[in-house]
Amino acid sequence: MKQGNVITDTIDQIISDGVKRGILHLYTDDNILHGNHIMLKGREVVNFGSCSYLGLEFDPRLKEASKAAIDNYGTQFSESRAYVSIKLYRQLEELFDKVFDAPCVITPTTTLGHMANIPVLMSAGDAIITDQQVHNSVNTAVKLLNGGRTHIEVLRHNRMDLLEDRIKSLRGKHDKIWYLADGIYSMFGDTAPMNELYQLLDMYPQFYLYVDDAHGMSIQGKHGRGSVLNNRRFHPKMVLATSLAKGFATGGAVMVYPNKEMARRVRTCGGPLITSGPLQPAQLGAAVAAATIHLTEEIYSMQDELHERIKFTNLMLKKYHLPVIAENNAAIFFVGVHLPKVGYNMVRRMLEAGYYVNLGIFPAVPMKNTGIRFTITRLHTFSQIEEMIRTMAEELPKALKEEGVTYEDIYRAFKIPVPEQQLLDETVASVISQALSLKAYHYKSIYDIDKNDWNAIFKNKGTFDWDGLALLENSFQNNHQAENNWQFDYVIVKDIMTEKPVVASFFTTALWKDDMLSPADVSDNIETKRASDPYYFTSKVVSSGSLLTEGEHLFIDTSSPFWKDAMQLLFDQINTLQEKYNANSIVLRDFHHVDDEFESFLIDNGFFKTSMPDNNVVNNLNWNNSEEFYDSLSKNSKMHFRKNVRRYADQYEVEIGDYAVEKDVDDWYALYENVKNNSLELNTFTLPRKLFENIAHSQSWETMVVKLSPGNETKKTVAVVFSHIAGENYIPMIIGLDYTYNKDYKVYRQALYQVMMRAKILGKKKVLLGFSASIEKKKVGAVLSSTYAFTQIKDSYNAETLAVMSLAATTLTK
Amino acid sequence: MRLTRGEFCQFNHTTRLKLLKEFGKNVLEKKIRMRLISIYKISDFYVEVYENLDNHQLEKVEPVRNNSVLEVYNNL
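The structure displayed is predicted, hence computed values, not measured ones.

## Quick word on the confidence of the model for chain B
Residues and elements named next belong to chain B.
Consideration 1: Overall, the predicted model of chain B reaches an average pLDDT of 89, with 100% of residues at or above 70.
Consideration 2: Averaged over each element, pLDDT in chain B is lowest for helix α3 (residues 69-74) (77) and highest for helix α2 (residues 13-23) (95).
Consideration 3: In the predicted complex, the global pTM is 0.82; the interface-specific ipTM is 0.84.

Right, dumping it as structure tokens:
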């Protein structure tokens, strides 16, 4: 399955969950709307989700102007703006020229405005830097740029120091360097550091700024120009996009330019301005009325009224000790609740108490940064604001307790210090209803666990039976390289009554390359940077299993009535490990079949589903010799076998390296390094030599040595395969190759064939051929099995940057 | 909801009056010449409000330091 589909599936799952719980995709029941009350499911609630910050939607002047426009021009004027626009458009454009004191172009929506602007204003020679939290509509337009030829990168949110570094680094290679940001960010309500951005604009001639100030329009600035232009001149190297569908209250958007030529070019060439429909008379009429109000003194008293409410809201949030993510001058507020399950719980509670608030959830925010987003408008009374916040403060501890989350978890997830008051209240830890029936056991080494107990759970599940883990512990500790020193942690949650395990797994914490699963082009690019900075784009990860194990790492006895509670105890343990080791991500991996209940449970707990590379498995070993193996293959594979395998088979010999000496291990390690250095498809760190030494002397593993006599030359070792052999399955985990002979003698294919023969000799039931090289593996009878992981990321900057780089690589290689 | 005097004073006159009307209690109203003087109690303090009846402008919305303000006005 493609990564994009998995993300869409995750979004589908989350939103559908919200719909099922009655908190998303809602419709009002009201026949008439006025003020800030709405009817939802037969209940009157105060609406704290409106972005119409000045409450102008009920202003009689706008309503009358809208009605008059319909009377005069009809319900629509259906012609492209490239041909004809109605008179109201010109009137509105003239008014906006006065509001902004700069040339403007009106577009039907802000998203369409970005799609008109960005491909016209930015070109292949430019570099684009997007803020990590810039609105999705901006990113959507960036994706339209030049078939992937434009340099695009992501900047950590609001990091002006890093931005300056990037400008310095890119200015010699690009015509213009554009930074794309929001004036006010739509989820957390924080703002772009405009003073610093203006300094950079003044300092670097090649630096340009593109700002979306949708949430700033009307509520700040002269004539309601917005937050970006509040007490600030229009910079000659800035383009401003702003919305008329929020504080302005009419629908539509305005793009503002530093000069007439730029405005003319977008008006002439911007795709949506040629092919999309125009704003319709009702909206235009209202917009003319709203713009006229913006040009009077009245707008300032409206702004004042809103800002007094914003100030009051900030004060109340402090008084009631709510975990607010940022104190804002904007009308958007975000109270962190950490996990989606708490978010759902809180929105439901608030609705029941008579308040509609928004759920801030993935993909708008990272999974573990779920929160309650609410907005304040001029229509709210002070007592409505106070009562809503008091209710939230009363309900949040109940929701947290119900979902087994603490205030400390929230502050930690948002990386903000825990206030003293909250620490004092933190007496109720993560209480789980069934915790009395369960006990979690944590071990630091496999040697602390009884061999029979562990193997009773994990024998035949993969390469991680007791001996397999002992080998890993011995190999991945006390090495020189940081990446080869792993932390091992074992967790078994048992039912106290039966003493049986309900949930069990082992975790390794290690440095991973962030681009491990990225396209090879992306890894290639990053590896050049790693030549001077070996840990560039690497992160510490707590993972179930390890980078050298495959199989079902997580044991869950779903027949136990306590399995979900046992999983909560496991999550507590993993979260503790993440903090202890300062790891960025948690990965629960190698799931083959995920049912809806399990997926929903993990998403509620802040995990999102990702696709791992497809796993190759040979299930059919019902043949007795090479001929029967040949007969079991498909028609195409038979042809391949004759041409690429059987033809050379006589020149190969296979030995099992039981009595390896130092020199053998050196040779094998060199072959492994050949493969490692040639493959970026699954980009990992180089394994330590010590591992190969341990494998060579392990009873659970064997080393298959493939030798070739090319022409009249003496026998040479050309391939080596290290396989786990304990249990029912044959699991080749590592391969080494001499590429000198690969082309002429098809060494890799021969090795795969010999693996099959060896598995049969040992009487195994399956061969688990692992990830990558699926086409080759299919030719020996492997079938693909989709594999998934569930991930939690603390800081998603690297992941987002890689997604942008991967998109560019994909577009280029199409 | 409890506001301190300092917090109350962060707001402009219009907002202060709204806060008094929404959260406070009008405990006295007296017309003196062309001025309507109202006293509100909010949280644990009193607030004096002067409205000019000629032009309906708010002239003063300030907390009073002396909580015996009611006595003072009642004796006028």
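## Comments concerning the interface of chain B and chain A
Consideration 1: With 12 residues of chain B at the interface, the matching set in chain A holds 13 residues.
Consideration 2: Buried surface at the junction of chain B and chain A, both sides included, amounts to about 1200 Å², of which 61% is carbon and sulfur.
Consideration 3: Summed over the three residues of chain B that lose the most area to chain A, namely Met1, Phe11 and Glu22 of chain B, the buried surface amounts to 38% of that side.
Consideration 4: Linking chain B with chain A are 2 salt bridges.
Consideration 5: The shortest N-O distance in the salt bridge between Glu305 of chain A and Lys18 of chain B comes to 4.0 Å.
Consideration 6: Where chain B touches chain A, the interface holds 7 residue pairs in polar contact (both at pLDDT 80 or more).
Consideration 7: Looking at which element gives the most residues to the side of chain B that touches chain A, the answer is α2 of chain B, with 5 residues.
Consideration 8: Across the side of chain B that touches chain A, the residue classes tally to 5 nonpolar, 3 polar and 4 charged.

## Section: the domain arrangement of chain A
Consideration 1: Looking at the assigned domains, one finds that chain A contains domain 1 (3-51 + 300-423), domain 2 (60-294), domain 3 (435-584 + 794-813) and domain 4 (621-780).
Consideration 2: The distance between the C-alpha centroids of domain 2 of chain A and domain 4 of chain A comes to 59 Å.

## Digging into the nonpolar core
Residues and elements named next belong to chain A.
Consideration 1: If you look at the biggest cluster of nonpolar residues, it comprises 135 residues, and the most contacted ones within it are Phe96, Phe100, Leu163, Tyr179, Phe207, Phe374 and Met392.
Consideration 2: Per element, the largest residue contribution to this core is 9 residues, and it comes from helix α13 (residues 382-403).
Consideration 3: Both domains that furnish three or more residues to this core are identified here as domain 1 (3-51 + 300-423) and domain 2 (60-294).
Consideration 4: With residues near it in sequence (within four places) discarded, Phe100 still touches Met217, Arg225, Leu229, Leu240, Thr242, Val254 and Val256.

## A short note on the packing of helix α4 (residues 110-121) of chain A against helix α8 (residues 260-269) of chain A
Residue and element names in this part refer to chain A.
Consideration 1: It is at 9 Å that the axes of α4 and α8 come closest, and there the two elements cross at 115°. With respect to each other, α4 and α8 are oriented roughly perpendicular. Crossing angle aside, the handedness with which α4 passes α8 is right-handed. Contacts between α4 and α8 pair Ala116, Asn117, Val120 and Leu121 from the former with Met262, Arg265, Val266 and Cys269 from the latter.

## What about the confidence of the model for chain A?
In low-pLDDT regions, the fine details of the predicted coordinates are not to be read closely.
Consideration 1: Looking at chain A, pLDDT values average 90 and 96% of them are 70 or higher.
Consideration 2: Of the regions scoring below 50 in pLDDT, residues 424-434 of chain A engages in 18 contacts with residues more than four places distant in sequence or in other chains.

## Considering helix α12 (residues 340-352) of chain A
Consideration 1: With 13 residues, α12 of chain A should reach 18 Å at 1.5 Å per residue; the first-to-last C-alpha distance of 18 Å fits that figure.
Consideration 2: Among the residues making up α12 of chain A, those that are buried are Pro340, Lys341, Val342, Gly343, Tyr344, Asn345, Met346, Val347, Arg349, Met350 and Leu351 of chain A.

## Digging into the packing of aromatic side chains
Consideration 1: In the structure shown here, the tally under the stated rule is 44 aromatic pairs over all chains.
Consideration 2: For the pair Phe598 of chain A and Phe790 of chain A, a centre-to-centre distance of 6.3 Å together with 85° between the ring planes defines the contact as edge-to-face. Taken together, the positions of Phe598 of chain A in helix α20 (residues 596-604) and Phe790 of chain A in strand β26 (residues 783-793) put the pair 192 residues apart, joining distant regions of the chain.
Consideration 3: Taking the relative accessible area as the measure of exposure, Phe790 of chain A reaches 0% and is therefore buried.
Consideration 4: Above the plane of the ring of Tyr208 of chain A lies Lys237 of chain A, whose end atom (NZ or CZ) is 5.6 Å from the centre.
Consideration 5: Against the face of Tyr46 of chain B rests Lys41 of chain B, its NZ or CZ located 5.9 Å from the ring centre.

## Comments concerning the sheet that holds strand β12 (residues 358-360) of chain A
Think of a sheet as strands paired side by side through backbone hydrogen bonds, with each pair either parallel or antiparallel.
Residues and elements named next belong to chain A.
Consideration 1: Spatial strand order, β10-β13-β12: 3 strands in an open sheet with antiparallel pairing. The strands lining the two open edges of the sheet, one partner per strand, are β10 (332-338) and β12. Within the sheet, the average angular offset between the axes of one strand and its neighbour, ignoring direction, is 30°.
Consideration 2: Helix α11 (residues 298-319) rests against β10 and β13 (370-375) of the sheet, and its axis sits at about 20° to β10.
Consideration 3: Packed on one face of the sheet, α12 meets β10, β12 and β13 and runs near 35° to β13.

About the criteria used
- Residues numbered from 1 in each chain as written.
- Chains lettered and ligands numbered in written order.
- Predicted model: local features only at pLDDT ≥ 70, side-chain atom pairs only at ≥ 80, totals over all residues.
- Heavy atoms only, no water.
- pLDDT = per-residue confidence, 0-100.
- Helix = DSSP H or I, 4+ residues; strand = E, 2+ residues; numbered from the N terminus.
- Contact = heavy atoms within 4.5 Å.
- Buried area = accessible area lost by both parts, 1.4 Å probe.
- Salt bridge = Lys/Arg side-chain N within 4 Å of Asp/Glu carboxyl O.
- Polar contact = N/O pair within 3.5 Å; in protein donor to acceptor, adjacent residues only side chain to side chain.
- Nonpolar A, V, L, I, M, F, W, Y, C, P; charged D, E, K, R; others polar.
- Domains from an automatic or database assignment.
- Core = buried A, V, L, I, M, F, W, Y, C linked by side-chain atoms within 4.5 Å.
- Buried < 20%, exposed > 50% of the residue type's maximum accessible area, 1.4 Å probe, protein only.
- Axes fitted to C-alpha atoms, helices over the stretch in contact; angles between N-to-C directions.
- Parallel < 35°, antiparallel > 145°, perpendicular 65-115°, else oblique.
- Left-handed = near helix turned anticlockwise from the far one by under 90°.
- Expected span 1.5 Å × (residues − 1).
- Phe/Tyr/Trp six-rings, centres within 6.5 Å; stacked < 30°, edge-to-face > 60°.
- Lys NZ or Arg CZ within 6 Å of the ring centre and 35° of its normal.
- Pairing = 2+ DSSP bridges.

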